[in-house]
Amino acid sequence: MSLPVAPLEVSQGGMEVVPQQQMGGGQMSLSVLIEMLVQKTYHELTILAELLPRKTDMERKIEIFNFASRTRMLFVRLLGLVKWASSASKVEKCSNIVMFLEKQSGMFLDTANQLAGMSRETLVRATLPNFHLPAAAEILTTGTYSRLPRCISERIIPPSAITPVERRTTLLRLNQVIENRLVSSNIPLQMRNLVVADGTVTFTVKLEFSCKLTVLGDSLTQPWTLLGVDMLVEDRETGQGKALMHSMQVGYVRGLAQSRLVESSQPLDDLYSVLHSLAQLLQLEVLHTQVVRLCQDRLGMYIRVEEYILGRALTISYWRELASKDPVQEAGWRLSVQVDPHDPARPLMVVHTPALTLKEAELAERSIRTERLSVESLLVHTIYVRTRARLTELKTLVQKRLKLGGVEATLHGSPAVLSIPILQPCLRSEQLLVSVDTHTGIFLGHVPQYPTNPFSPQIQNCLNTDQTQLETLVTELRYWITARRIEKTLQQLPATPFEQLPLVYDLKTHPLSKLGRHKMFIKLHKQPSTVLVVEFIEKPDRECEIQYSFYYLLTKPCSIEDDPVDDSITKEIPRVYMKALGMVEFDPFLVTHGSTTKVDVQELSEKIIGKRKPGGKVEAPIKRTRFPAYFISDLAHVVSFADERIPFTSLEQELARQGVSHTGTSVETNGVGLAIKIVQFPTVPGLQQREEKLFSSRLLSATIRLSRNPLSMWVVEWLLCGSPLNSTQSMGKPLYSQFKLENLADCEKTVVSLVGEWNSMAHLHSLVREYSRYSRVVDLVTIQSYNYRNIVLEYGPGQIYSATITWSVSSSSFSLTFGGSGAAAGMNPHCIMKSQLEINLNKERSLALLGRILQETVGPVRSLSRLPCTPHKWMSTNSQQRNTAIQTFSVLPQSPTHVKVMFYNIHCVDVHIRADGLVSIRDGSFSMFDQTKVLTDLEPIRGFKAFLYKYVDEAALARRTSQTEDDNPPSPLTMEQDQTGLKFAPPLTPPSNPLTPVSPHGQQSTFLQSPPTHRQPSASPAPSPGLFPIPSPLPAGSPFTAASPLGGGSPRPRPSPRHPGSSPNPSAALPPSSHQTPSRILPQRLWAAAIPTPLTTKAFDELCRPSSLPGSSSCGLVSPLHRFLGCVFMRRQLQHIIKSEEYLTNLDTREPSVIAFKVESLQCKVSINPDNSFQSLHLKVAPDDPSQWQSDQLLIIQKFFDAKVVAPPYRPTFLSGFCRLLHCPQETLKNIVQLMKYEVLPELVVQNKLKWAVSLCLTIPPVAPNVFPVGQAGIIGNKEKILIFMQLTRANVQLPPGQEPLSVVVPVIYNISQNQTILASLQKELNNPSLHAVQSHLTSWARSNPPTMGRCSILPAIHDLLMNLTLPNEGPAYSGPVQMQSMM
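Now for a description of the structure that goes with this document.

1. Considering the overall build of the protein chain
Thought 1: Summing up its helical and strand segments, the protein chain has 31 helices and 45 strands in all.
Thought 2: Across the 1384 residues in the protein chain, those meeting the buried criterion constitute 43%.
Thought 3: For the protein chain, the proportion of contacts with a sequence separation of at least 24, taken over those separated by at least 6, is 58%.
Thought 4: Total accessible area on the protein chain stands at roughly 74,600 Å², and carbon and sulfur atoms take up 54% of it.

2. Here we look at the packing of aromatic side chains
Thought 1: Throughout the structure, instances matching the rule amount to 26 aromatic pairs.
Thought 2: Ring geometry for Tyr479 and Phe536: centres 6.1 Å apart, planes at 50 degrees, overall tilted. Separated by 57 residues along the polypeptide, Tyr479 in helix α13 (residues 470-489) and Phe536 in strand β16 (residues 530-539) bring together distant segments of the chain.
Thought 3: For Tyr479, a relative accessible area of 10% translates into the label buried.
Thought 4: We classify Phe536 as buried; its relative accessible area is 3%.
Thought 5: Ring plane angle 25 degrees and centroid distance 5.7 Å describe the contact between Phe681 and Trp718, whose orientation is recorded as stacked. Taken together, the residues Phe681 in the loop between β22 (674-680) and α17 (689-698) and Trp718 in strand β24 (residues 713-720) connect sequence positions 37 residues apart.
Thought 6: The class of Trp718 is buried, set by a relative accessible area of 0%.
Thought 7: Three or more aromatic residues joined by ring pairs form one cluster here, namely Phe681, Phe695, Trp718, Trp758, Tyr786 and Tyr788.

3. Notes on the nonpolar core
Thought 1: Trp718, Ile791, Ile805 and Phe944 are the most contacted members of the largest nonpolar core, which has 167 residues in total.
Thought 2: Of the residues forming this core, the biggest block, 12 residues, is contributed by helix α18 (residues 747-775).
Thought 3: Those residues in contact with Ile791, other than ones at most four positions away along the chain, are Leu764, Leu767, Val768, Ile783, Ser785, Tyr786, Ala803, Thr804, Ile805 and Leu847.
Thought 4: One finds Val177, Leu402, Leu432 and Phe536 within the second-largest nonpolar core, a separate group that totals 108 residues.

4. Considering the packing of helix α29 (residues 1329-1344) against helix α30 (residues 1354-1364)
Thought 1: One can describe the packing of α29 onto α30 by two numbers: an axis separation of 10 Å at closest approach and a directional angle of 125 degrees. Of the possible angle classes, the one that applies to α29 and α30 is oblique. The crossing of α29 and α30 is right-handed. Two secondary-structure elements touch here, α29 through Val1334, His1337, Leu1338 and Trp1341 and α30 through Pro1356, Ala1357, Asp1360, Leu1361 and Asn1364.
Thought 2: Here the contact of α29 with α30 is composed, by residue class, of 6 nonpolar, 2 polar and 1 charged.

5. Thoughts on the packing of helix α16 (residues 633-657) against α18
Thought 1: The contact between α16 and α18 brings their axes to 9 Å, and the two run at 55 degrees. As the angle between them shows, α16 and α18 are arranged oblique. As α16 runs across α18, the sense of the crossing is right-handed. Where α16 approaches α18, its residues Ser650, Leu651, Glu654, Leu655 and Arg657 are matched on the opposing element by Cys747, Glu748, Thr750, Val751 and Leu754.

6. Some details on helix α11 (residues 375-401)
Thought 1: With 27 residues, α11 extends 39 Å between its outermost C-alpha atoms, agreeing within 8% with the 39 Å of an ideal straight helix rising 1.5 Å per residue.
Thought 2: Phi turns positive one or two residues past the end of α11, at Lys403, with a value near 55 degrees.

7. Looking at α29
Thought 1: For α29, spanning 16 residues, the distance from its first C-alpha to its last is 23 Å, which sits close to the expected 22 Å at 1.5 Å a residue.
Thought 2: Of all the residues in α29, the buried ones are Ser1330, Leu1331, Ala1333, Val1334, His1337, Leu1338 and Trp1341. Projected down its long axis, α29 carries its buried residues within an arc of 155 degrees, all on one side.
Thought 3: As for α29, its buried residues are in contact with β44 (1303-1311), β45 (1316-1319) and α30.

8. Observations concerning the sheet that holds strand β23 (residues 699-707)
Thought 1: One open sheet holds the 5 strands; their spatial order is β21-β22-β23-β24-β25, and the pairing between them is antiparallel. Bordering the open sheet on either side are β21 (661-667) and β25 (735-740), each of which pairs with just one other strand. Averaged over all pairs of adjacent strands, the angle between their axes in this sheet comes to 25 degrees, without regard to strand direction.
Thought 2: Here 6 bridges tie β24 to β25, and the two strands are oriented antiparallel to one another.

9. Structural notes on the environment of Cys721
Thought 1: Locating Cys721 in the fold gives a position in the loop between β24 and β25.
Thought 2: Each C-alpha atom, one on Cys721 and one on Lys733, is 9.1 Å from the other, the two residues being 12 residues apart in sequence.

10. Some points on the pattern of salt bridges
Thought 1: Inspection of every chain in the model, using the stated rule, returns 32 salt bridges.
Thought 2: When the shortest N-O distance is used, the salt bridge between Glu44 and Lys40 registers 2.8 Å. Within this pair, Glu44 and its partner Lys40 are both found in helix α1 (residues 30-51), separated by 4 residues, close to a single helical turn.
Thought 3: Residue classification places Glu44 among the buried residues on the basis of a relative accessible area of 17%.
Thought 4: Of the charged contacts in the structure, one is a salt bridge between Asp1101 and Arg866, with a shortest N-O distance of 2.2 Å.

11. Focus on the pairing of strand β35 (residues 918-923)
Thought 1: Counting buried positions over the 6 residues of β35 gives 6, a clear majority of the element.
Thought 2: Burial along β35 is two-sided: Leu918, Ser920 and Arg922 facing one way and Val919, Ile921 and Asp923 facing the other are all buried.
Thought 3: Of the strand pairs in this sheet, strand β34 (residues 907-914) and β35 are connected by 6 bridges, and their pairing is antiparallel. Directly across from Arg914, in β35, lies its bridge partner Leu918.
Thought 4: Inspection of the sheet shows β35 paired to strand β36 (residues 1093-1096) by 4 bridges, in the antiparallel sense. Along β36, the bridge assignment pairs Val919 with Leu1095.

12. Some remarks on the sheet that holds strand β1 (residues 194-197)
Thought 1: Strand order in the open sheet formed by 4 strands is β1-β2-β3-β4, with antiparallel pairing between adjacent strands. Both edges of this open sheet fall to β1 and β4 (224-231), since each of them pairs with a single strand only. Geometrically, the sheet is characterised by an average inter-axis angle of 20 degrees between neighbouring strands, direction not taken into account.
Thought 2: Where strand β3 (residues 209-215) meets β4, 7 bridges bridge the pair, whose relative direction is antiparallel. For Ser210, the partnering residue across the bridge sits in β4 and is Asp230.

13. Here's the deal with a nonpolar patch on the surface
Thought 1: Taken together, the side chains of Ile139, Tyr145, Leu148, Ile152, Ile156 and Ile157 define a hydrophobic patch exposed on the protein surface, amounting to about 520 Å² of accessible area.
Thought 2: As for its position among the elements, Ile156 is in the loop between α5 (150-155) and α6 (164-184).

14. Brief notes about the side chain of Thr440
Thought 1: The topology assignment puts Thr440 in the loop between β11 (432-436) and β12 (443-446).
Thought 2: Within the local environment of Thr440, its side chain forms a polar contact with the side chain of Asp437, the two groups lying 3.1 Å apart.
Thought 3: Those residues in contact with Thr440, other than ones at most four positions away along the chain, are Tyr302, Trp319, Glu321 and Leu322.

15. What about the pairing of strand β5 (residues 304-309)?
Thought 1: Sheet topology places β5 next to strand β6 (residues 313-318); 5 bridges connect them, and they run antiparallel. Opposite Glu307, over in β6, you have Thr315 as the bridge partner.
Thought 2: Hairpin geometry of β5 and β6 is characterised by an intervening segment of 3 residues between the two adjacent antiparallel strands and by a positive phi of about 75 degrees at Gly311.

So, how was this worked out
- Residues numbered from 1 in each chain as written.
- Predicted model: local features only at pLDDT ≥ 70, side-chain atom pairs only at ≥ 80, totals over all residues.
- Heavy atoms only, no water.
- Helix = DSSP H or I, 4+ residues; strand = E, 2+ residues; numbered from the N terminus.
- Buried < 20%, exposed > 50% of the residue type's maximum accessible area, 1.4 Å probe, protein only.
- Contact = heavy atoms within 4.5 Å.
- Areas by Shrake-Rupley, 256 points an atom, 1.4 Å probe, with all protein chains shown as cover.
- Phe/Tyr/Trp six-rings, centres within 6.5 Å; stacked < 30°, edge-to-face > 60°.
- Core = buried A, V, L, I, M, F, W, Y, C linked by side-chain atoms within 4.5 Å.
- Axes fitted to C-alpha atoms, helices over the stretch in contact; angles between N-to-C directions.
- Parallel < 35°, antiparallel > 145°, perpendicular 65-115°, else oblique.
- Left-handed = near helix turned anticlockwise from the far one by under 90°.
- Nonpolar A, V, L, I, M, F, W, Y, C, P; charged D, E, K, R; others polar.
- Expected span 1.5 Å × (residues − 1).
- Arc of directions from axis to C-beta.
- Pairing = 2+ DSSP bridges.
- Salt bridge = Lys/Arg side-chain N within 4 Å of Asp/Glu carboxyl O.
- Patch = residues over 30% accessible without salt bridge, like charges linked within 9 Å, V, L, I, M, F, W, Y side chains within 5 Å.
- Polar contact = N/O pair within 3.5 Å; in protein donor to acceptor, adjacent residues only side chain to side chain.

Listed below in structure tokens is the structure:
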């Protein structure tokens, strides 16, 4: 954009742009105007940058403010002009038209005027001149014009220049003239530095001036001509590199000097006098300006200009504070820069007060003899000389008064520092450094290593005032540094130094009171009752060296109220004091030259050639270790000696007190350390004397040593001969045990641990001896490793399980640790029976028996470990226990071969593990004393006997059973009858409640034990030939019987007298056997399951292994035992619900194991399915009026019950919700059944192209825990409203692998009276966008579909929701059934 300044216009006819002159009002381009304003602002800024540094701070602020105000107003106007110009387009167009017309008119008028002038004036006299041909020919041919008049040629035309040769000759001649004049003239001494060149002579006086002279003729009377003067005085600190003199001042000086050269008889002397005086004036002015600036900026409190005479002298005072304190120096410390009063021609001189030596003065004056004239440099040099002089005087004084002797204080550095070594040896960082404050002149003292020590300020004050206390203060500082050295020496040692301790002792008689004031107390970390006292004093006549004395002090805790005379009288208050007992002085020489240290005293020959050993080798001379000055080697030796010897002494006493014979502390070979050798251990409790002697004979030696790396530990080296597992008696590798280094008071713990380690190895040795005795004749489990501390057994298939046997010192019993390798690395099944196995091992003390138990029980226990133990809530009908989480299966071991398995704390299964791969199972809810009596809090398992016989392998049992059998009715005998002297160990039974796990340390009870038998078996069972040969390693009381598992009271089925040949076991899955047993009839009484049923371990593993149920609609892998007990549990819960709910009516039925009830117009029968081994429940629904219900609707209800209600995890709330669902009105129930169809038959979702799949929630999900508890029945209703929870899952979409489809839980309320289906308003869902979308959808559907009487709105509303619901984050749209089928 531009303002209308001389525009260029284009005519209507397409003429070219014609530039026009500026007409009318003044106009200017906007860009030019902006550029002018920017240039003007930049120009003003440049001027400010040059002028502001020379002004004061206030003037600078005023100038900056004025500039900012002017510039702001200028640019505000420009902004207004720019805004106006942007809206002045019409005015600009009119202005351009007017200017174009005016310019066109002016051009016409100018053309007419020029034509008229030409016709009237120019053309009238238009004649050709007469040409001067001779002049033209001369100029063209010669290039010159010789006929020019003389008046013009002599006055105007300059003479021709001389040639370069003439110029060079002239300058050489002029140089000779100047040199002749200089030889004959008197030149001042200071101007002898001259250079003659190019017809001039240049005189240079260093640091003052430089001038250039010449002569205009060779006459001796011709005066010198001054060509130029250059003053060499500069101010580089405050002058900012600018010249000190103005050009006019330089011109004036030049004229004055030229006048002196013309008028004086000694022109060069006068020239030097003028310029030299001017240079000195400038130098003094520069120094004065720098002093004033220093006073203003930094040093106003320390220096001052005492006097300034222009061009003559400048006097500066410094160290004013010191001058006020020193009465001798009344005039203070000053320096004066002045003109030499005796010879003004000399340079400026510096006069010092007080006077300096000639050498010191020359050193100080160097600062003004340099190119950089600086008063600060002059002050620095002067103060440096002053401080060095003061410190030199102090050095002489200190050397004499402090009696440093052979140690000498050193003076060094700039600024100067006096280093005083107050200790010998002394680190540089420990020396007392004394310097002088350059500002004030006072002494400063400090120790670099200890900048905050309390004596440096006192020594500094003493040096600056009265110095009478100097020796005392330095001595105290010396003691203080020595105390710090003691602390540093003990930093890496197990000890802590203290300057004071709360010690209680007799001030008159105790040796501690005779020690000096300077001492340190050292407490050893491992021996809190031991205190080392270090006393340090100065050596006589060598005060820089410290003499140490070491004392051993024994203390004990006490209180201030204790009787000082009678130690037996104590007060029951905290003991914060330490009573000093005995104190003994150490001899440092004996400590550092003891049996464990290397003696550094040698003969002269040994020092030269080394010590010769018996083998002929020469040992190198001993090199004395050099320590830093702060390290007190004797103190470290004493502390290490005490810290090492005291534990051994205490350990010796404790070993003797506990009956352990030893040799005492001795130094091992080559002085490598201390050791205690054990001679004999005390008797091992609980071990036979013969076993103890056998193990003691294997011990070659037991040595106790103290290890310090990285922690302080007692290390015991055991040397044992041979092993009971092999016949060799060679010495094996040494064993090492580590024990914590306890305090002296707790040394008993170390000895107890040592004796416990010995007892542990002895007990384990007895187990291994017993094992090796039987291993010669019987194949036992493998001992993977035995190292006298633990025994590792390997067992199981592929030796993948391991059991580690150790001896627990605290409980004086064997302990077991189970592990595994390979596939069993995660879990060892025997972990659940750890306590029972430990009890058996400690009772029998037989490793062979333990291995046999582990090998025989590994299969059944592994099967038991497969049972799920997931806790669930709302599993009890008791309202007080509904919120309590109950485990699905709880395995409660009673003995190594007896396990109780609880199912939801209601049903109990007794499992007895027998030898030869058999497991006996019975219903544990029946008492073992009276099989018709049920235990408290337990329920019998109905049909348990029939279920178990589905898994009985008749062929396997027949091989273990005698052919004769007893036809008498079943007897309440147990499996634990003593047949051949080998019986089960009595199980450990809980005291009252069988749900509580048995305590492994309780007494054996008679609960679950069989009462005395009242009948005998008809035939004695034949013993199994596959057991241990004689001698048997299994003692009496073995948990495995050697007889047939079908002993007295055999639970095998028998032929019925009424139905001969019939068999209740229709299962054909059992393998055919050549040996067929007769058919058997199951007992029909409830207590039939109390009789044990034998199963093989393979059948028991099949019973506990998770598997799928053929023909069942429920998905998931569940063990058959879990399914059967779940069905029994659900039948019992259904009976309880029928009794407790008013809307359910119980119906009598004569069908066994069938529960019949009526709800509304439906009659329901629930029965267990015998076709799949009693592992599922089946519902059969019959309406009162068959015309009201279709058969497919009833079938959907039955399938939903089978697949969703009586399915794992078998929740009672499933039944409650299902029964409440059946209690709904008939039309409502039919609508809900149609929704069930989509859940039971998921293929309908694809066929109907539904967007969402629906699932009824029989329990309340965690969508509103503050309103409804999670896990409660999901169907809640009354006569008016029904609350149903549904889960909608996105269907018919193709998702990436691993991504779950979107789902949302929808609480729906159906208002029966109003026939409305709406979303339940729960507080927690207010912020849920998905539920907002569901609520909006149901509301819009209700508005478009008003309720119709006689037609329930649940199905249409939910169906529309399944077809058209759209959520904010639902993801991809419907992909069609083709994709769904391909994905399926």
